[in-house]
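Each chain, letter by letter, is given below.
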Amino acid sequence: MWDLPVIPLLINFCGALLGFVATLMLIPAFKDHFIAANLFGIDLNKTSKQPIPESQGVISGSVFLIILFCFIPVPFLSCFVEDQCKAFPHHEFVEFIGSLLAICCMIFLGFADDVLNLRWRHKLLLPTMASLPLLMVYFTNFGNTTIVVPQPFRVLLGMHLDLGILYYVYMGMLAVFCTNAINILAGINGLEAGQSLVIAASIITFNVVELNGDYRDDHIFSLYFMIPFFFTTLGLLYHNWYPSSVFVGDTFCYFAGMTFAVVGILGHFSKTMLLFFIPQLLNFLYSLPQLFHIIPCPRHRLPRFNPGTGKLEMSYSKFKTKSLSALGKYILKVSETLHIVDVRQELDKDEEYTECNNMTLINFVIKLIGPAPEQTLTVLLLLIQVVGSTTAFLIRYQLVRLFYDV
């Protein structure tokens with residue numbers, strides 16, 4: 001498929017640059033249309049109450065799709081030249097089309113979520129449905145569900161282990177995690193697009209490093225998706241950076257997460273992909289008590305804006321102490337002892353109430369450094385993302401020797 005990958009990659013790169021320019025220009029052009037359709041919100045972290053267009057991820061996502069739709073024949077150009085292709089690579093073609101179908105479905109479902117404001121239980125179903133084309137492509141093209149067992153467990157499990165259907169469950173859960181992990185680490189200007197940009201840059205770096213390896217074709221396939229994604233997201237970030245003139249919406253979070261899942265699964269580096277999600281994984285684990293409603297969880301957990309100082313402070317969840325289950329009380333006690341959650345008790349109208357900060361990485365950073373301007377907080381969180389990616393590379397190329405024969 002990729003006998004001469006330089007030409008397709010150059011065409012892909014040029015298309016990505018055009019996508020960057022298109023995203024920069026289209027977002028301001030469509031702002032009024034979104035506001036007229038009541039797709040706007042108010043930035044709760046600002047004193048201004050000016051309406052800000054939401055769901056702008058649908059624009060960057062649409063530009064991304066147009067680039068790759070036009071790019072579809074390019075990797076197969078050698079098959080259109082006489083004596084350059086013995087047989088058309090149908091498997092690779094199906095892989096490309098199936099990936100675009102999964103991403104397209106996720107953009108559509110994400111936009112539906114922005115318009116209909118779906119509940120969290122539905123948010124888990126959307127990526128599951130959109131990942132079905134991806135899983136079918138993997139089943140028909142590869143079908144390999146055998147993994148290499150890490151060295152410490154080979155005495156019990158042997159060198160290889162066939163997971164069977166559990167491997168497909170894992171891939172489906174990976175798609176759900178990637179989409180929602182970005183969605184729950186959000187709420188301040190530039191964070192969703194910024195973290196996605198860092199992850200995309202990390203994947204591109206990893207792909208380039210691995211081009212001389214045994215799985216070159218898989219990493220070139222990933223680059224075909226990641227390069228346009230990086231540049232369209234860069235155009236979106238330009239408008240979403242502090243002070244944001246647009247909101248990316250759930251559409252972008254779903255679009256970004258599914259794009260990462262596609263290249264991770266079909267590029268056969270899903271474990272490395274998860275390593276680039278270290279901050280999102282930590283945020284997910286920290287949020288678990290609220291996500292599963294062991295501790296009461298408000299609909300929005302973004303930091304609280306203090307108009308007097310112009311800084312963001314921790315937001316809190318307030319609830320009656322007696323309404324908390326035994327497990328919830330135990331979690332709060334342990335978290336308070338470890339100094340990872342700020343817990344307060346107070347009496348109000350003869351009722352005892354408990355307050356704890358909302359369990360997000362954003363609030364945890366504020367707990368560590370104190371109230372901070374929104375832009376400073378975004379930069380710190382993106383630096384954490386960079387540190388996470390650096391750690392991922394150290395694990396992938398150094399610590400991996402402790403578990404696998406490399």
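Scroll up a little and you will see the structure.
Scoring rules and cut-offs
- Residues numbered from 1 in each chain as written.
- Predicted model: local features only at pLDDT ≥ 70, side-chain atom pairs only at ≥ 80, totals over all residues.
- Heavy atoms only, no water.
- Axes fitted to C-alpha atoms, helices over the stretch in contact; angles between N-to-C directions.
- Helix = DSSP H or I, 4+ residues; strand = E, 2+ residues; numbered from the N terminus.
- Left-handed = near helix turned anticlockwise from the far one by under 90°.
- Contact = heavy atoms within 4.5 Å.
- Nonpolar A, V, L, I, M, F, W, Y, C, P; charged D, E, K, R; others polar.
- Core = buried A, V, L, I, M, F, W, Y, C linked by side-chain atoms within 4.5 Å.
- Buried < 20%, exposed > 50% of the residue type's maximum accessible area, 1.4 Å probe, protein only.
- Salt bridge = Lys/Arg side-chain N within 4 Å of Asp/Glu carboxyl O.
- Pairing = 2+ DSSP bridges.
- Patch = residues over 30% accessible without salt bridge, like charges linked within 9 Å, V, L, I, M, F, W, Y side chains within 5 Å.
- Areas by Shrake-Rupley, 256 points an atom, 1.4 Å probe, with all protein chains shown as cover.
- Phe/Tyr/Trp six-rings, centres within 6.5 Å; stacked < 30°, edge-to-face > 60°.

(A) Representation of the packing of helix H1 (residues 6-36) against helix H2 (residues 57-71). One way to put it is that H1 packs onto H2 with a least axis distance of 8 Å and a crossing angle of 150°. In terms of crossing hand, the pair formed by H1 and H2 is right-handed. Mapping the contact onto sequence places Pro-8, Ile-11, Asn-12, Gly-15, Ala-16, Gly-19, Ala-22, Thr-23, Leu-26, Ile-27, Phe-30 and Phe-34 in H1 and Val-58, Ile-59, Ser-60, Val-63, Ile-67, Leu-68 and Phe-71 in H2. Broken down by class, the residue content of the contact of H1 with H2 amounts to 14 nonpolar, five polar and no charged.

(B) How the structure looks around the environment of Leu-399. Mapped onto the elements of the fold, Leu-399 is located in the segment after helix H15 (374-397). Residues Leu-399 and Pro-75 lie 324 residues apart in sequence; the distance between their C-alpha atoms is 35 Å.

(C) Region of interest: the nonpolar core. Ranked by size, the top nonpolar core spans 73 residues in total, and within it Phe-96, Ile-103, Phe-225, Phe-229, Met-258, Phe-260 and Phe-277 carry the most contacts. At twelve residues, helix H10 (residues 249-266) tops the list of elements feeding residues into this core. In this view, Ile-103 contacts Phe-64, Leu-65, Phe-225, Phe-255, Met-258, Thr-259 and Val-262; residues no more than four positions away in its chain are not counted. If you look at the next biggest cluster of nonpolar residues, it comprises 13 residues, including Leu-312, Met-314, Ile-366 and Leu-377.

(D) Representation of the pattern of salt bridges in the model. Counted under the stated rule, the structure contains nine salt bridges. A salt bridge links Arg-304 to Glu-313; the nearest nitrogen and oxygen atoms lie 2.3 Å apart. Overall, Glu-313 belongs to the buried group, its relative accessible area being 16%. Because the salt bridges share partners, they merge into one network encompassing Asp-43, Lys-46 and Glu-374.

(E) Local environment of the environment of Pro-371. Position of Pro-371 among the secondary structure elements: in the loop between helix H14 (361-369) and H15. It is 30 Å that separates the C-alpha atoms of Pro-371 and Ala-256, two residues lying 115 residues apart in sequence.

(F) Expanded view of the side chain of His-219. Looking at the secondary structure, you find His-219 in helix H9 (residues 216-240). On the basis of relative accessible area, His-219 is assigned to the buried category, the value being 5%. Dropping the residues within four chain positions of it, His-219 is found in contact with Phe-206, Asn-207, Glu-210, Leu-211 and Phe-269.

(G) View of helix H5 (residues 132-141). All of the buried residues in H5 are Pro-133, Leu-134, Leu-135, Val-137, Tyr-138 and Asn-141. The secondary structure elements touched by the buried residues of H5 are helix H3 (90-116), helix H4 (120-130), helix H7 (165-184) and H10. In the stretch just after H5, Gly-143 is the one whose phi turns positive, near 70°.

(H) Structural detail: the sheet that holds strand E9 (residues 351-357). Strand order in the open sheet formed by three strands is E7-E9-E8, and the pairing between neighbours is antiparallel. In the strand order of this sheet, the two ends are held by strand E7 (316-320) and strand E8 (343-348), each with one partner. The sheet shows a mean angle of 25° between the axes of neighbouring strands, direction not considered. As paired elements, E8 and E9 share six bridges and run antiparallel to each other. Bridging across to E9, Glu-346 finds its partner in Tyr-353.

(I) Local environment of a nonpolar patch on the surface. A surface patch of nonpolar side chains, amounting to about 590 Å² of accessible area, comprises Ile-7, Ile-11, Leu-77, Phe-80, Phe-88, Phe-93 and Ile-97. Contributing elements (two or more residues each) for the nonpolar patch: H1 and H3. One can find Ile-7 in helix H1. On the basis of relative accessible area, Ile-7 is assigned to the partly exposed category, the value being 48%.

(J) View of the packing of aromatic side chains. The final tally for this structure, using the stated rule, is 29 aromatic pairs. Between Phe-64 and Phe-229, the ring centres sit 6.4 Å apart and the planes meet at 85°, which makes this aromatic pair edge-to-face. A residue pair is termed long-range when its members are at least 10 positions apart, and Phe-64 in helix H2 and Phe-229 in helix H9 qualify at 165 residues. Both rings, one in Phe-230 and one in Phe-231, keep their centres 5.4 Å apart while their planes meet at 85°; by these two values the pair is edge-to-face.

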